[in-house]
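# Architecture and fold: a report
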Amino acid sequence: MIGDNPDIPGSQPASSFEDLLELYRSRRCLLHVTRQDYEDGYNLAMLEAMACGMPVVALANATCPIENGVNGLVASDVAGMRAHVQRLFDDHAFAQTLGARGRDRVSQAFPMDTFIASWRQVIEVAVESKSHSSHNGSQPPPASTLRDDARFQPGGYYRSERPELAAHVPKTTKRLLDCGCGAGDFGALMKRSGVQEVIGVELVPRACELAKNVLDDAICGNIEEMEFPFEDGYFDCITFGDVLEHLADPAAVLKKAARVLAPKGVIITSIPNVRFFQVVANLVHGRWQYESAGILDRTHLRFFTSVEMVELVRQAGLEIVQLSPLSAAPKEALPRNPDGSFTLGRLTIHPMNDLDYEDFLVYQYLLIAGKPVTDRLARAQQALDARENEAAYALAFETVDGDQGTRAAILAKAAARLGNLSEAISWYEKAVCAQPDDAELLGDYGIVLVAMNRAGQARPLLERAIDALPEEGRFAGAMGLVLVTEGRTQEAFAQFKRALDLNLDNENILRHLIQTAYELGRPEEAEPFARRFADFYPGNLPAGCQHAALLSKLGREKEARNRIETMLLLSPNYAPAQKLLDTLEGRSHETGP
């Protein structure tokens, strides 16, 4: 039990941030219990768990951000919570999907840029207040100077790593140009992530000097007035993090950037959405108030809607690769009326489709563009192979010509990897109709059906895939799960063993192998697999405990104790290992020397 609560025996705070993060990563779910009459339906621990991809089981509360079965599980009583937890333990794929959707929900409901902007304002006010109070009665320095000082500090206006943009930089990027690099924090993060060369461009001299200390180089000047001193196609990726809205002619700058972009490179931008409902609400009341940061930043020269963002890319002679929300308000912030409309003060926006409504919730868009290409499906396949799933989906979705079976297959695989299983099934159906003899496609479709608890439909697909590709272990593992649902434990056990013989790197299948081995009374057959996995992944403490428990079950207590003691050397505070060791020690005392 992690926490500082004297009323709960055995509870204690995490020893460090890394310890807390590891707990969120390694545990299967978080139980969240609130009383609606006295508490909000969420707290920081719940949001932290969701942000780490841990599925949450919550007690029903009107303000809970979880949608039952969509991005978490909600129950009205303890019995319901217990049933939800059991389902998560039984269905690992479902748990992973819920965790991924929960992570998306947090990123949308609590956008980092809004949080940072609010804190910047608080910090700037505090800096000004402190500077004024310590000025010994003389005239205080100008407020603008004080604000600039705060903006160059970590977390300030010119100091952000922008992890939400970093996540979209292709893994294959070797050379990156960061336009509007600030003090270079984003570029430094990219270099730590494996990018070999990062060049920055920055208008503010002080920020540019800081950037030169951490990047390969930084060019100081107005990006609209300079010509890039690089050969054609030099950069794999060019970024504009909150820059284009500050320019008088952003299309002209994008055209210049396109010259130094590699043929298969991408331009990644973040752009505020002026259609955000709070901006519209202010307009309804006659307000257009500039701020120190945000959509109405007082240094913005241009304002964009999503439609205008697309037009901007076209004016620059580029193509849209991806346009998606980077941060957005939750739907609860803009409730719809029974007829589908919504009301902002004295203005009612009449019924619209869901995409149009959701556009009002978007605070900032991610826009990725590239040079026009003749074969966008080939590019989508390359993105899929590089596990750049969002880019692959966007490229394939926008392809109106080309082989539609290939298009559907790419969309299906990308959607499945992104956790959108229902959508993946829809695309798989189209792909299989177009390519009925593609064994790998059939097997992948079968795996998604198993994850959606549709084992009956999955069986014939997996049988055909296994016949055609007998060396593909993941299909054998999925067939084992199908056989478990049919109560054919003996056959399921054989399939799990075969799957792990072909590919040991499947912790979920290993867990099912051990479970069926216990059911069959043959745990000794599962032990070699558990040993190999624990030896190959010594840092996977749950797997190590699983192996130790299996050894104990087989009466091999000395080996079990050795495994546990090794784990405790790596992580002395790992409670499950200590508990298992205490059990073994207690058993030893009972039996005597």
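Residues numbered from 1 in each chain as written. Predicted model: local features only at pLDDT ≥ 70, side-chain atom pairs only at ≥ 80, totals over all residues. Heavy atoms only, no water.

## Quick look at the overall build of the protein
Threshold: The helix and strand labels rest on DSSP assignments: H or I over at least four residues marks a helix, E over at least two residues marks a strand, and numbering proceeds from the N terminus. Relative accessible area decides the class of each residue, using a 1.4 Å probe on protein chains only: under 20% of the type maximum gives buried, over 50% gives exposed, and in between gives partly exposed. Contacts are assigned to residue pairs with any non-hydrogen atoms lying within 4.5 Å of each other. Only the protein chains shown count as cover for residues, and the accessible areas themselves come from Shrake-Rupley with a 1.4 Å probe.
Summing up its helical and strand segments, the protein has 26 helices and 12 strands in all. The buried share among the 593 residues of the protein stands at 47%. Partitioning the contacts of the protein with sequence separation of at least 6, the portion at a separation of at least 24 is 60%. For the protein, the accessible surface area stands at approximately 29700 Å², while carbon and sulfur atoms represent 53% of it.

## Examining the confidence of the model for the protein
Atomic detail in the predicted coordinates should be set aside for any region of low pLDDT. For the record, the criterion: Per-residue confidence from the predictor is reported as pLDDT, which spans 0 to 100.
Taken residue by residue, the protein gives an average pLDDT of 86. The fraction at 70 or more is 89%. Across residues 127–148, where pLDDT falls below 50, the model places 13 contacts with residues more than four positions away in sequence or in other chains.

## Comments concerning helix α13 (residues 354–361)
What counts, and what does not: Definition of a polar contact: a pair of N or O atoms within 3.5 Å, with one able to donate and the other able to accept a hydrogen when the atoms are protein atoms, and with sequence-neighbouring residues admitted only if both atoms are side-chain atoms.
Inspection of α13 places Tyr 357, Asp 359, Phe 360 and Leu 361 among the buried residues, and these make up the whole buried set. Among the structural elements, α11 (277–284), α12 (306–315), β9 (319–328), β10 (342–344), β11 (347–349) and β12 (362–370) are those in contact with the buried residues of α13. Structurally, the start of α13 carries an N-cap: the backbone nitrogen of Leu 355 is 3.2 Å from a side-chain oxygen of Asn 353.

## Remarks on the nonpolar core
The test is simple: Only buried residues count toward a nonpolar core. Its members are Ala, Val, Leu, Ile, Met, Phe, Trp, Tyr and Cys residues joined through side-chain atoms within 4.5 Å.
Residues Leu 176, Met 190, Ile 268, Leu 462 and Leu 513 are the most contacted members of the largest nonpolar core, which totals 81 residues. Those residues in contact with Leu 462, other than ones at most four positions away along the chain, are Gly 443, Gly 446, Ile 447, Val 450, Phe 475, Ala 478, Met 479 and Val 482. Ile 238, Val 243, Ala 251 and Val 313 belong to the second largest nonpolar core, which has 37 residues in total.

## Looking at helix α10 (residues 250–259)
Along an α-helix, a turn takes 3.6 residues, which lines up residues three or four apart on a common side. A large share of α10 lies buried, amounting to 7 of its 10 residues. By the burial criterion, the buried members of α10 are Pro 250, Ala 251, Val 253, Leu 254, Lys 256, Ala 257 and Ala 258. Where α10 is buried, its residues contact β7 (235–241), β8 (261–272) and α12.

## Brief notes about the sheet that holds strand β2 (residues 56–59)
The following threshold applies: Pairing between two strands requires that DSSP report at least two bridges joining them. Structural elements are reduced to axes, namely lines fitted to C-alpha atoms, with helices fitted over the stretch in contact, and the angle between N-to-C directions of any two is expressed from 0 to 180 degrees.
Strands sit in the order β1-β2-β3 across an open sheet of 3 strands; the sheet is parallel. The sheet is open, and its two borders are formed by β1 (30–32) and β3 (73–75), each paired with just one other strand. Across this sheet, the average inter-strand angle for adjacent strands is 20°, counted without regard to direction. Alignment of β1 against β2, held across 3 bridges, turns out to be parallel. By the bridge assignment for β2, His 32 is matched with Ala 58.

## Concerning the sheet that holds β7
The sheet built from 7 strands is open, its strands ordered β6-β5-β4-β7-β8-β12-β9 with mixed pairing. Where the open sheet ends on each side, the last strands, each with one partner, are β6 (217–220) and β9. For this sheet, the mean inter-axis angle between neighbouring strands, taken without regard to orientation, is 15°. Where β8 and β12 come together, 6 bridges link them in antiparallel fashion. Counted as the bridge partner of Ser 270 is Leu 366 from β12.

## Re the environment of Glu 565
Here Glu 565 shows up in helix α25 (residues 557–570). Between the C-alpha atom of Glu 565 and that of Ala 577, which follows or precedes it by 12 residues, the distance is 8.2 Å.

## Things to note about the packing of helix α22 (residues 507–520) against helix α24 (residues 541–553)
Helix-helix packing is described using two parameters, namely the angle between the two axes and the distance between the axes. Note the threshold: When describing relative orientation, an angle under 35 degrees is termed roughly parallel and one over 145 degrees roughly antiparallel, while 65 to 115 degrees is termed roughly perpendicular and anything else oblique. Throughout, a crossing is termed right-handed when the near helix is turned clockwise from the far one, and left-handed when it is turned anticlockwise from it by less than a right angle.
Orientation of α22 relative to α24, taken along the N-to-C sense of each, is 15°, at an axis distance of 12 Å. The orientation of α22 with respect to α24, classified from their angle, is roughly parallel. Regarding α22 and α24, the two cross each other, and that crossing is left-handed. Of the residues in α24, those in contact with Glu 507, Leu 510, Arg 511, Ile 514 and Tyr 518 of α22 are Ala 543, Gln 546, Ala 549, Leu 550 and Lys 553.

## Examining the pattern of salt bridges
What counts here: Here, a salt bridge means any Lys or Arg side-chain nitrogen found within 4 Å of an Asp or Glu carboxyl oxygen.
Under the counting rule described, the total for this entry stands at 29 salt bridges. Its salt-bridge partner being Arg 259, residue Asp 232 comes within 2.7 Å of it at the nearest N-O pair. One end of the pair, Asp 232, is in the loop between β6 and β7; the other, Arg 259, is in helix α10, with 27 residues separating them in the sequence. In this structure Asp 232 comes out as exposed when scored by relative accessible area, which is 55%.

## Structural notes on the pairing of β6
Rule in force here: A crossover counts as right-handed when, viewed with the strands pointing away from the observer, the path leading from the first strand over the helix to the second turns clockwise.
Summarising the sheet, strand β5 (residues 197–202) and β6 pair through 4 bridges and their orientation is parallel. Bridge pairing in β6 links Val 201 to Ile 219. Once you follow β5 into helix α9 (residues 205–212) and on to β6, the crossover reads as right-handed.

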